[in-house]
Amino acid sequence: MVDPTAQSPMTPLPPRARWLPRTGTPDRTWVIGLLLFQATAALAQAWCVSPTNPEMIRLLGGYRRLEQGCHDFDSGNPPLFGNLAALVTLPWDPQVNWSRSSDPHGSASDFLLNNQRHFQPLLFTARMVPTLVLLWGTLVCRRWGTQLAGRRGGLLAATAWALSPLVLSQGAALHPDAMASVCALVACQAAWNAGRDPTCG
């Protein structure tokens, strides 16, 4: 008979998953292939697709916050992604004329005219921000999926993320939906890790 007073052994915690599988494994080749496919699709979109009005508002809102410190609610929210996009394009010396309109909604056309000589590489640089964030999302899905459901679960999660319509359609657009999803994934994984191992540092 089993002694009811005996303590049951603790269930071992799942091992910490690596961001990428070990060198030389088929899993690593698959994940790298997913990243290359996702990056190629995003870079093609970043160069070929015309800018949308919401993208211009977020980019101009980032310039306004960096230059004037204006953090109003109607200047391309959420501010983080617009600020990052504006920051990485500063080497192009963007010309923003706030004298005609201090509102990003009314300055988009003037911004296009003032920067038409190098606007395409400027926008391409700004679109690198969502591209890198969504590539990070693929690695987060693989790592957390491996922790939850093993090796195949991690590969399935990474594949589902990289080939999802949200990622493929907004892989390089300055829209907050996909990038906010990555932030939510990172926060949920961190909370899950803290819950299963409160001493993890």
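On a predicted model such as this, the values are computed, not experimentally measured, just so you know.

Basis of the calculations
Residues numbered from 1 in each chain as written. Predicted model: local features only at pLDDT ≥ 70, side-chain atom pairs only at ≥ 80, totals over all residues. Heavy atoms only, no water. Salt bridge = Lys/Arg side-chain N within 4 Å of Asp/Glu carboxyl O. Helix = DSSP H or I, 4+ residues; strand = E, 2+ residues; numbered from the N terminus. Buried < 20%, exposed > 50% of the residue type's maximum accessible area, 1.4 Å probe, protein only. Expected span 1.5 Å × (residues − 1). Contact = heavy atoms within 4.5 Å. 1 Å grid on protein atoms, 1.4 Å probe; cavity = no way out; pocket = protein on both sides within 12 Å on 5 of 7 lines; lining within 4 Å. Points joined across faces, edges and corners; volume = space filled by probe spheres on them. Nonpolar A, V, L, I, M, F, W, Y, C, P; charged D, E, K, R; others polar. Phe/Tyr/Trp six-rings, centres within 6.5 Å; stacked < 30°, edge-to-face > 60°.

Asks: Mind showing me how you'd approach the pattern of salt bridges here?
Replies: Two side chains that carry opposite charge are able to pair once their charged atoms sit near each other. Tallied over the full model, the rule gives 2 salt bridges. In this structure, Asp27 engages Arg151 in a salt bridge whose closest nitrogen and oxygen atoms are separated by 3.0 Å. In this pair, Asp27 sits in helix H1 (residues 26–48) while Arg151 sits in helix H6 (residues 128–162), placing the two residues 124 residues apart along the sequence. Judged by its relative accessible area of 12%, Asp27 is buried. Between Glu55 and Arg127 there is a salt bridge; the shortest N-O distance is 2.8 Å. Taken together, the residues Glu55 in helix H2 (residues 53–68) and Arg127 in the loop between helix H5 (119–126) and H6 connect sequence positions 72 residues apart. Note on Glu55: relative accessible area 1%, which makes it buried.

Asks: Can you help me understand H1 in this one?
Replies: Three- or four-residue spacings in an α-helix give side chains the same orientation, since the helix completes a turn every 3.6 residues. With 23 residues, H1 should cover 33 Å at 1.5 Å per step; its first-to-last C-alpha distance of 33 Å lies within 8% of that length. For H1, the set of buried residues is Asp27, Val31, Leu34, Leu35, Gln38, Ala39, Ala42, Gln45 and Ala46. Residues of H1 that are buried in the fold lie against H5, H6 and helix H7 (165–169).

Asks: Looking at this model, I keep getting lost on empty space enclosed by the protein. Mind explaining?
Replies: Rolled over the atoms, a probe sized like a water molecule indicates the empty space that remains. Within the structure shown, the criterion is met by 2 cavities of 30 Å³ or more. Roughly 40 Å³ of internal volume is contained in the largest cavity. Taken together, Arg58, Pro78, Phe81, Gly82, Ala85, Leu174, His175, Pro176 and Met179 make up the full set of residues lining the largest cavity. Secondary-structure elements contributing two or more residues to the lining of the largest cavity are helix H3 (79–88) and helix H8 (176–196). Looking at the lining of the largest cavity element by element, the count peaks at 3 residues for H3. Residues that form the lining of the largest cavity fall into these classes: 6 nonpolar, 2 polar and 1 charged. When its volume is computed, the second largest cavity comes out at roughly 30 Å³. Lining the second largest cavity are Gln38, Ala41, Ala42, Gln45, Val167, Leu168 and Gly171. Within the residue set of the lining of the second largest cavity, elements represented by two or more residues are H1 and H7. Take the lining of the second largest cavity: its biggest share by element is 4 residues, from H1. Each residue belonging to the lining of the second largest cavity can be placed in one class, and the counts come to 4 nonpolar, 3 polar and no charged.

Asks: Is there a simple way to explain the packing of aromatic side chains in this structure?
Replies: Geometrically, a pair of aromatic rings is defined through the distance of the ring centres and the angle of the planes. Counted by the stated rule, this structure contains 4 aromatic pairs. Seen from their ring centres, Tyr63 and Phe111 are 5.7 Å apart, and the 40° between their planes marks the pair as tilted. Separated by 48 residues along the polypeptide, Tyr63 in helix H2 and Phe111 in helix H4 (residues 108–114) bring together distant segments of the chain. Classification of Phe111 by relative accessible area gives buried; the value is 2%. Taking 6.4 Å as the distance between ring centres and 55° as the angle between the ring planes, the aromatic pair formed by Trp144 and Trp192 counts as tilted. With Trp144 in helix H6 and Trp192 in helix H8, the pair connects residues that are 48 residues apart, well separated along the chain. Given a relative accessible area of 17%, Trp144 falls into the buried group. For Trp192, a relative accessible area of 26% translates into the label partly exposed. Three or more aromatic residues link up through ring pairs in this structure, and these residues are Tyr63, Phe111 and Phe119.

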